[in-house]
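Results of the structural survey
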Amino acid sequence: QVQLVESGGGLVQPGGSLRLSCVASENIFNSHVMSWYRRAPAKRRELVAIITGRGTPNYIDSVKGRFTISRDSATNTVYLQMNSLKPEDTAVYFCNARESRGTGDYWGQGTQVTVSS
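Overview of the structure. (Residues numbered from 1 in each chain as written. Predicted model: local features only at pLDDT ≥ 70, side-chain atom pairs only at ≥ 80, totals over all residues. Heavy atoms only, no water.)

Considering the overall build of the protein chain
Across its full length, the protein chain carries zero helices and 11 strands. From first element to last, N terminus to C terminus, the protein chain shows the α and β order β-β-β-β-β-β-β-β-β-β-β. What you see for the protein chain is a C-alpha radius of gyration of 13 Å, in line with the 13 Å of a compact globule of 117 residues. Burial status across the protein chain gives 43% buried among its 117 residues. A sequence separation of at least 24 residues applies to 53% of the contacts in the protein chain between residues at least 6 apart. As displayed, the protein chain has an accessible area near 6,400 Å², and 44% of this comes from carbon and sulfur atoms. Taken together, the 13 basic and 9 acidic charged side chains of the protein chain have centroids lying 4 Å from each other. (Helix = DSSP H or I, 4+ residues; strand = E, 2+ residues; numbered from the N terminus. Rg over C-alpha atoms; globule rule 2.2 N^0.38 Å. Buried < 20%, exposed > 50% of the residue type's maximum accessible area, 1.4 Å probe, protein only. Contact = heavy atoms within 4.5 Å. Areas by Shrake-Rupley, 256 points an atom, 1.4 Å probe, with all protein chains shown as cover. Lys, Arg positive; Asp, Glu negative; His and termini not counted. Charge placed at Lys NZ, Arg CZ, Asp CG, Glu CD.)

Encoded structure:
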């Protein structure tokens, strides 16, 4: 199975920045859609950003212009650069890898992001 390990979460003030990292155990970018999800307090998990096997990114409206998803094939790492953070961004952020053929769906353990004064 593919293993995913997230890191980079922490406490940041509103308007600040964080960069989350997701390291995959093998080279999967060409065959998987890589995604960042988050689960805020008292809310269900929501999709935040995706990057396809071709490298095409997309985002939910609430983070467009503030978040950037990217990947580095040399290190099997997916990043989520988060700028202009808001308290509403507070959540546990999860990395997900979903095989394009539908034969695999993998999750990391999550990393906490807290945006507070």
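A look at the pairing of strand E4 (residues 32–39)
Consecutive residues of a regular strand have side chains that alternate between opposite faces of the sheet. In terms of burial, E4 is a largely internal element, six of the eight residues being buried. As paired strands, E4 and strand E9 (residues 91–99) are joined by eight bridges and run antiparallel to one another. In the sheet register, Val 33 faces E9, and the bridge partner there is Arg 98. In this antiparallel pair of consecutive strands, E4 and strand E5 (residues 46–51), the connection spans six residues, and Ala 42 shows a positive phi of 65°. (Pairing = 2+ DSSP bridges.)

Some remarks on the pairing of strand E7 (residues 67–72)
The sheet contact formed by E7 and strand E8 (residues 77–82) spans six bridges and is antiparallel. Across the sheet, the residue bridging to Arg 71 is Val 78, located in E8. Joining the antiparallel neighbours E7 and E8 is a turn of four residues, in which Asn 76 adopts a positive phi near 55°.

Considering the packing of aromatic side chains
For the structure on display, the rule yields one aromatic pair. Here Arg 45 stacks its cationic end above the ring of Tyr 37, 5.3 Å away from the centre of that ring. (Phe/Tyr/Trp six-rings, centres within 6.5 Å; stacked < 30°, edge-to-face > 60°. Lys NZ or Arg CZ within 6 Å of the ring centre and 35° of its normal.)

Points about the nonpolar core
A general tendency of soluble globular proteins is for nonpolar side chains to be buried together. Formed by 29 residues in total, the largest nonpolar core has its most connected members in Leu 4, Met 34, Trp 36, Phe 67, Leu 80, Met 82 and Tyr 93. At the level of elements, strand E3 (18–24), E4, E5, E7, E8, E9 and strand E11 (111–115) are the ones that each hand at least two residues to this core. Not counting the four nearest positions on each side in its chain, Met 82 is found in contact with Gly 16, Ser 17, Leu 18, Leu 20, Arg 66, Phe 67, Tyr 93 and Val 113. (Core = buried A, V, L, I, M, F, W, Y, C linked by side-chain atoms within 4.5 Å.)

What to know about the environment of Asp 89
By secondary structure assignment, the location of Asp 89 is in the loop between E8 and E9. As for Asp 89 and Val 115, which are separated by 26 residues in sequence, their C-alpha atoms are 6.7 Å apart. If we ignore the near neighbours within four places in the chain, the residues touching Asp 89 are Arg 38, Arg 66, Phe 67, Ser 84, Val 113 and Val 115.

Considering the state of the cysteines
Inspection of every chain in the model, using the stated rule, returns one disulfide. Covalent S-S linkage joins Cys 22 and Cys 95, the inter-sulfur distance amounting to 2.0 Å. As the torsion about the S-S bond is roughly -75°, the Cys 22-Cys 95 disulfide counts as left-handed. Of this pair, Cys 22 sits in strand E3 while Cys 95 sits in strand E9, and the two are 73 residues apart along the sequence. Residue classification places Cys 22 among the buried positions, given a relative accessible area of 0%. Under the relative-accessibility criterion, Cys 95 is labelled buried at 0%. (Disulfide = S-S within 2.5 Å.)

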